[in-house]
Amino acid sequence: AEAEAKTQAESARRLQWRCEVLDRKGTALEEAVEASQQEVREAGEQARKDKAAASERFRQQKDAAAAKLAEVEDALEQRDRQVEEVSAALAEAKQQVTDRDEVICSLKSRLQELSALNAELTTRAASTDEGVDKTAQLRA
């Protein structure tokens, strides 16, 4: 009975020792799990912060791109207005050239008419001068 009591006591000590070892391992595992959970929480928080920062950068870049696009559109509209103004001025200049050419043609035509009239008057004047000369000779 005494040997059995010693054996049971020894078994109880070993069992107690195993329980203490398991308790320490369990505590260590709980601490490791808690540390891992804390790391996951921190990583999640950092990921949320990173996402918020990336979203803000994207929003700023999008706003900057929209502003640049508006500037480009304004510049294009201004260029289109300038092209329209230049086209209108060019059309007006072409019309003025056409009008000037018509005036020049009209003046050339009138000059030809006047030249023909001048030639006819010169011929008549010469003929009249001859008649006056003959009349003066006959009177003399």
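Scroll up to find the structure.
Quick caveat: nothing in here was measured; it's all calculated off a predicted structure. (Residues numbered from 1 in each chain as written. Predicted model: local features only at pLDDT ≥ 70, side-chain atom pairs only at ≥ 80, totals over all residues. Heavy atoms only, no water.)

Student: Explain the pattern of salt bridges to me, and be specific about the residues and the numbers.
Tutor: Two side chains that carry opposite charge are able to pair once their charged atoms sit near each other. Scanning the entire structure with this criterion turns up eleven salt bridges. One salt bridge connects Arg 14 with Glu 10, and the closest N-O pair in it is separated by 3.6 Å. Of the two residues, Arg 14 and Glu 10 both sit in helix α1 (residues 2-139), four residues apart, roughly one turn of that helix. What makes Arg 14 partly exposed here is its relative accessible area of 49%. Taking relative accessible area as the criterion, Glu 10 reaches 29% and is therefore assigned partly exposed. (Salt bridge = Lys/Arg side-chain N within 4 Å of Asp/Glu carboxyl O. Helix = DSSP H or I, 4+ residues; strand = E, 2+ residues; numbered from the N terminus. Buried < 20%, exposed > 50% of the residue type's maximum accessible area, 1.4 Å probe, protein only.)

Student: How would you summarise the environment of Lys 51 if you had to cite specific residues and measurements?
Tutor: Relative to the helices and strands, Lys 51 resides in helix α1. Given the relative accessible area of 61%, Lys 51 is considered exposed. Each C-alpha atom of the pair Lys 51 and Leu 76 lies 37 Å from the other, and the pair is 25 residues apart in sequence.

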